[in-house]
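Here is how the chains run, residue by residue.
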Amino acid sequence: MSNLLVEDLRGIELSLGLPGGGSEAETTVKVTGKRGFSETVDLKLNFQQIQSAVDLNEKMKSPTKEKDPAKPPAKAQVVGWPPVRSFRKNIMSQKSTTAETDKTSGGAAFVKVCMDGAPYLRKVDLKMYRSYQQFSDALAKMFSSFTMGNYGTQGMIDFMNESKLMDLLNSSDYVPTYEDKDGDWMLVGDVPWEMFVESCKRLRIMKGSEAIGLAPRAMEKCKSRC
Amino acid sequence: MREDRPPPTPSRGGAYSPPPPDQVLENVLEHVLQFLTFRRDRNAAALVCRSWHRAEALTRLELFIGNCYAVAPRRAMERFRRATAVTIKGKPRFADFNLMPPDWGANFTPWVTFMAQCYRALEKLCLKRMFVTDEDLELLASFPSFRELVLICCDGFGTSGLAVVASKCRKLRVLDLIEDEVTDDEIDWISCFPEGETCLESLIFDCVECPIYFEALERLVARSPSLKKLKLNRYVSIVQLYRLMIRAPQLTHLGTGSFSPSEIVAQGDQEPDYSSAFDACRSLVCLSGFREIVPDYLPAIYPVCANLTSLNFSYANISAEQLRSVIRYCHKLQIFWVLDTVCDAGLQAVAATCKDLRELRVFPIDAREDSEAPVSDVGLLAISEGCRKLQSILYFCQRMTNAAVIAMSENCPELVVFRLCIMGRHLPDHVTREPMDEGFGAIVKNCKKLTRLATSGLLTDRAFSYIGQYGKLVRTLSVAFAGDSDTGLKYVLEGCPRLQKLEIRDSPFGDSALRTGLHRYYNMRFLWMSSCRLTRRGCKEIAQQMPHLVVEMINGEEEEVKDDYVDTLYMYRSLDGPRADAPSFVTIL
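Residues numbered from 1 in each chain as written. Chains lettered and ligands numbered in written order. Predicted model: local features only at pLDDT ≥ 70, side-chain atom pairs only at ≥ 80, totals over all residues. Heavy atoms only, no water.

Describing the overall build of chain A
Okay, step 1: Tallying secondary structure elements over chain A gives nine helices and five strands in all.
Okay, step 2: In chain A, the succession of helices and strands from N to C terminus is α-α-α-α-α-β-β-α-α-β-β-α-β-α.
Okay, step 3: Across the 226 residues of chain A, 43% fall into the buried class.
Okay, step 4: Carbon and sulfur atoms form 54% of the exposed surface of chain A, whose accessible area is close to 11500 Å². (Helix = DSSP H or I, 4+ residues; strand = E, 2+ residues; numbered from the N terminus. Buried < 20%, exposed > 50% of the residue type's maximum accessible area, 1.4 Å probe, protein only. Areas by Shrake-Rupley, 256 points an atom, 1.4 Å probe, with all protein chains shown as cover.)

Below, the structure is given as structure tokens:
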């Protein structure tokens, strides 16, 4: 059943072929290497459970940034104050670290979000959110016509359950994808939230059917990364 | 374009009959009015009588729309039929700071659609804080005489729109993109400029956060002999900058891009002589960029420092010492933008050399309320003592004293713009612990030419009594986290005779204060009040009493209404009633 699935996916994969030859063999190995992946998932899960949730409704007025227990909590930041244009704030947070910026909490993590068919894009600060579910809610408000499907109890896409995954990808709903630091396009939800925030460069919300090619690559990537 | 009156008809038999006296007068009037360039003069002339009004309308070449919703495109363009240059401003300034949801409006589409019928001979367009789509740009590119496009703080378009402008505007001389949000459509728009010599005079794209194909840019610069202004984005490395500079020694304005190497340069690698490239640019007067500066390369700019009138280091993370090494040569500097990483010591170095300084902006590298800003009252005082001709200042800091501000008001009588931002909210004078009332009071009292003021720090109603009483020429006032009660706002609305733009956030002003401005809202461009104490009823009252005022209530993105207070009030006069394109979160009362 799983082999069949892989072949289906490969057949309609839009992205470039896998590096190196013997792609068939490789993918099969990756798919059946699920256990390795789930081990990784379990590892990351513990980390996630430590973090506390932040009330998303407060985000607009005065978001409270809760830090890891090691660092002291920062003062709540008011929207739009100090009056430095977000363009400039964003540019400064992209710069390479110096003594000054090392002291900060890591600044913002602004990424562009575009949605297929929407006339304009948005920018979001990933550091404002603590989980995929919160992020999904915020995105849903921004682009009200799309839904992100079910993220399951761990807050991540359940790659283990292939039929669920296929449902998601085959639906006419939109799925969010992102470009990571290596320039690869991945399905959002494949890695733990913190890792996602670190590696996400930009987001694109595309139709589920178009995102099909991404799923197996996402799985391999996880394997090679972890 | 349609003429307003019929041309003189020749009499039969071929004999010339002179035009009727009225027409002679109008001809003369038009000729004379052509010399009026300042729009306030023109506005005054238009009020004299009907024929002056008509003549002025026909001779106005530059149309300025301060608020895109104050007048409908049709009305503006039918009155000024012969305008070839248009400037339109859209969103209010506080939208820059995320105080307004993104799709509020200020759409350019209705304007360009009408221009396509009425203004086909359009040559120049300048838009600020407007939402411009790629389709709008495409339409614009089809105007045969179009040659200058300046977009400031706009969004809604991407590199695909730029590609169309580049390829279709055959006469393009100016393409200035300043602090816009440009989406990366992954199109190499630089390559879209047509082959052959271009008439480009200015190409500014430092805000475009997309990589460009360098070879195409190099070829473009090589075939643009008229190019005087070139501002590169941060994807251009210093080596690439060198290659461009040697092809364009005639540049007067240069934005240097990243000013760092694209890869780590190993010891002993042959690097070009950057300083010689700068030396060859004999006409360079304005320098900016330095987006990812490696300070080791700073000495390269020494050859041009003596001629610089404008230097923008506001993206350059440099120390006082590094700044000093450059600024000591910049005797002619008039405009200087810098990051607070240079500390008070850096500002002291500026004060020591730049005696001609007119405009100073000091930006924070860490723009948070609780950051440790390394500039303070010490730097401000030094500047005031060294730069007596100062006209405009924007200063972000964490520690300030009334004494330093008072000193500046006395040392710099030419001040027209004074914007002080003490980043911690409600911070008093850090030495005396008193409110900053006396400092700002001194500014309005002593700087008789002041037209723009932005306040910060702990301020009581007294500060506003000073502003209202002494701010005779103040046109723009920005207030945040200040004041004690309605009285504060009343002082301003009952004073400040020239007030045009008032933007207030998070201050305890309510309906009663709002009412005191009823006599003057028609004479203002806009009023913005967010997170104050206005109620829906209070705003509705204003709307009912002033039918030509558009009163917008803008809600934040939250679903539930927290309390009875209005999130944001944005109101402005309009000749054409409420706009049709208001989104759901805007209620027009």
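With respect to the overall build of chain B
Okay, step 1: The secondary structure content of chain B amounts to 20 helices and 23 strands.
Okay, step 2: Relative to the 2.2 N^0.38 estimate, which gives 25 Å for 589 residues, the radius of gyration of chain B is 26 Å and therefore close to what a compact globule would have.
Okay, step 3: If one aligns the C-alpha atoms of chain B with their principal axes, the spans along those axes are about 85 × 65 × 50 Å.
Okay, step 4: Counting every position in chain B, which comprises 589 residues, the buried fraction comes to 56%. (Rg over C-alpha atoms; globule rule 2.2 N^0.38 Å.)

A word on helix α16 (residues 437-446) of chain B
All names here are of chain B.
Okay, step 1: Taking burial as the measure, the ten residues of α16 include seven buried ones, the bulk of the element.
Okay, step 2: What α16 keeps buried is the set D437, G439, F440, G441, A442, I443 and V444.
Okay, step 3: Structurally, α16 contributes buried residues whose contacts are with α15 (402-411), β16 (417-422), β17 (452-454) and α17 (461-470). (Contact = heavy atoms within 4.5 Å.)

Overview of the confidence of the model for chain B
Okay, step 1: Here chain B shows a mean pLDDT of 92. Residues at 70 or above account for 94%.
Okay, step 2: Scoring the predicted complex yields pTM 0.74 and, for the interface, ipTM 0.84. (pLDDT = per-residue confidence, 0-100.)

Observations concerning the UniProt feature "domain: Transport inhibitor response" (unreviewed entry) in chain B
Okay, step 1: Under the local residue numbering, the UniProt record ascribes the feature "domain: Transport inhibitor response" (unreviewed entry) to residues 83-127 of chain B.
Okay, step 2: Its end C-alpha atoms 15 Å apart, residues 83-127 of chain B is made of 22% helix and 20% strand. (UniProt positions renumbered as here; feature names shortened; annotations may be inferred.)

Thoughts on the side chain of E552 of chain B
Residue and element names in this part refer to chain B.
Okay, step 1: If you trace the backbone, E552 turns up in strand β21 (residues 549-554).
Okay, step 2: The class of E552 is buried, set by a relative accessible area of 0%.
Okay, step 3: Within the local environment of E552, its side chain forms a polar contact with the side chain of R579, the two groups lying 2.7 Å apart.
Okay, step 4: Each residue touching E552, except ones within four places of it in the same chain, is listed here: W104, T568, L569, Y570, Y572, R579, V586, T587 and I588. (Polar contact = N/O pair within 3.5 Å; in protein donor to acceptor, adjacent residues only side chain to side chain.)

Considerations on helix α5 (residues 109-118) of chain B
Okay, step 1: Of the positions making up α5 of chain B, those classed as buried are W111, V112, F114, M115 and A116 of chain B.
Okay, step 2: Looking at the buried side of α5 of chain B, the elements it contacts are β1 (62-65), α4 (73-79), β2 (85-89), β3 (124-128) and α6 (134-141) of chain B.

Notes on the pattern of salt bridges
Okay, step 1: Inspection of the entire model under this criterion finds 36 salt bridges over all chains.
Okay, step 2: The partner of E56 of chain B in a salt bridge is R60 of chain B, and the shortest N-O contact between them spans 2.8 Å.
Okay, step 3: Given a relative accessible area of 0%, E56 of chain B falls into the buried group.
Okay, step 4: Note that R579 of chain B and E552 of chain B form a salt bridge whose closest N and O atoms lie 2.7 Å from each other. Separated by 27 residues along the polypeptide, R579 of chain B in the loop between β22 (568-573) and β23 (586-588) and E552 of chain B in strand β21 bring together distant segments of the chain. For the residue pair R579 of chain B and E552 of chain B, the accessibility class agrees, reading buried in each case.
Okay, step 5: Connected through shared salt-bridge partners, R85 of chain A together with D96, R129 and E179 of chain B make up one network. (Salt bridge = Lys/Arg side-chain N within 4 Å of Asp/Glu carboxyl O.)

What to know about the packing of aromatic side chains
Residues and elements named next belong to chain B.
Okay, step 1: The tally for this structure, following the rule as stated, stands at 28 aromatic pairs over all chains.
Okay, step 2: A ring pair is formed by F290 and F313, whose centres lie 4.9 Å apart and whose planes are at 65°; its orientation type is edge-to-face. With F290 in the loop between β11 (286-288) and α11 (302-305) and F313 in strand β12 (residues 310-313), this residue pair connects regions lying 23 residues apart in the sequence.
Okay, step 3: Note on F313: relative accessible area 0%, which makes it buried.
Okay, step 4: Note on F464 and F509: the rings are 5.8 Å apart at their centroids and 90° apart in plane angle, and the pair reads as edge-to-face. Linking F464 in helix α17 with F509 in the loop between β19 (501-505) and α19 (511-515), this pair joins segments that are 45 residues apart in sequence.
Okay, step 5: Its relative accessible area of 2% is what places F464 among the buried residues.
Okay, step 6: Given a relative accessible area of 1%, F509 falls into the buried group.
Okay, step 7: Through a chain of ring-to-ring contacts, three or more aromatic side chains come together here, namely Y69, F94, F97, W104, F526, W528, Y570 and Y572. (Phe/Tyr/Trp six-rings, centres within 6.5 Å; stacked < 30°, edge-to-face > 60°.)

Thoughts on the UniProt feature "domain: COI1 F-box" (unreviewed entry) in chain B
Okay, step 1: In the UniProt entry, the feature "domain: COI1 F-box" (unreviewed entry) is given for residues 22-60 of chain B.
Okay, step 2: A distance of 20 Å separates the end C-alpha atoms of residues 22-60 of chain B, which is 77% helix and 0% strand.

Concerning the pairing of strand β13 (residues 335-339) of chain B
Residues and elements named next belong to chain B.
Okay, step 1: Burial runs high along β13: four of the five residues are buried.
Okay, step 2: Where β13 meets strand β14 (residues 359-363), five bridges bridge the pair, whose relative direction is parallel. If you follow W337 over to β14, its bridge partner there is R361.
Okay, step 3: With helix α13 (residues 343-353) bridging β13 and the parallel β14, this β-α-β connection has right-handed handedness. (Pairing = 2+ DSSP bridges. Right-handed = clockwise from strand over helix to strand, strands pointing away.)

Some remarks on the side chain of T455 of chain B
Okay, step 1: Along the chain, T455 of chain B turns up in the loop between β17 and α17.
Okay, step 2: What T455 of chain B contacts, discounting residues up to four positions off in sequence, is L420, F440, I467, S478, V479 and A480 of chain B.

Quick look at the packing of α15 of chain B against α16 of chain B
Residues and elements named next belong to chain B.
Okay, step 1: Viewed as axis vectors pointing N to C, α15 and α16 meet at an angle of 5°, and their least axial separation amounts to 8 Å. Judged by the inter-axis angle, α15 sits roughly parallel to α16. Residues N402, V405, I406, S409 and E410 of α15 touch α16, and the partners they reach there are D437, E438, G439, F440, A442, I443 and N446.
Okay, step 2: In terms of residue class, the contact of α15 with α16 is built from five nonpolar, four polar and three charged. (Axes fitted to C-alpha atoms, helices over the stretch in contact; angles between N-to-C directions. Parallel < 35°, antiparallel > 145°, perpendicular 65-115°, else oblique. Nonpolar A, V, L, I, M, F, W, Y, C, P; charged D, E, K, R; others polar.)

Notes on the environment of N27 of chain B
Okay, step 1: With respect to the helices and strands, N27 of chain B occurs in helix α1 (residues 21-33).
Okay, step 2: Counting along the chain gives 28 residues from N27 of chain B to A55 of chain B, while the straight-line C-alpha distance between them is 8.4 Å.

Digging into a nonpolar patch on the surface
All names here are of chain B.
Okay, step 1: A cluster of nonpolar side chains, V24, V28 and V32, forms an exposed patch at the surface whose accessible area comes to about 230 Å².
Okay, step 2: Its place among the elements puts V24 in helix α1.
Okay, step 3: Residue classification places V24 among the partly exposed residues on the basis of a relative accessible area of 38%. (Patch = residues over 30% accessible without salt bridge, like charges linked within 9 Å, V, L, I, M, F, W, Y side chains within 5 Å.)

Structural notes on the packing of helix α8 (residues 214-222) of chain B against helix α9 (residues 238-247) of chain B
Residue and element names in this part refer to chain B.
Okay, step 1: At a minimum axis separation of 9 Å, α8 and α9 run at an interaxial angle of 15°. The angle between α8 and α9 places the two elements in the roughly parallel class. For the crossing formed where α8 meets α9, the hand is right-handed. Residues F214, E215, L217, E218, V221 and A222 of α8 form the contact with α9, whose own contacting residues are Q240, R243, L244 and R247.
Okay, step 2: For the contact of α8 with α9, the class distribution of residues is five nonpolar, one polar and four charged. (Left-handed = near helix turned anticlockwise from the far one by under 90°.)

Points about unusual backbone geometry
If a residue is not glycine, its phi is most likely negative; likewise, a peptide bond is most likely trans.
Okay, step 1: The step from W81 of chain A to P82 of chain A runs through a cis peptide bond, and the omega angle for that step is -5°.
Okay, step 2: One non-glycine residue, C153 of chain B, lies in the positive phi region at around 50°.
Okay, step 3: Relative to the elements of secondary structure, C153 of chain B occurs in the loop between β4 (148-152) and β5 (155-158).
Okay, step 4: C153 of chain B gets classed as buried once you look at its relative accessible area, which sits at 12%.
Okay, step 5: Of note, the phi angle at E179 of chain B is positive, near 55°, even though the residue is not glycine.

So, the confidence of the model for chain A
Okay, step 1: Across chain A, the average pLDDT comes to 59, with 36% of residues at 70 or higher.
Okay, step 2: Confidence drops under pLDDT 50 across residues 145-155 of chain A; counting only partners more than four residues distant or on other chains, this segment forms 23 contacts.

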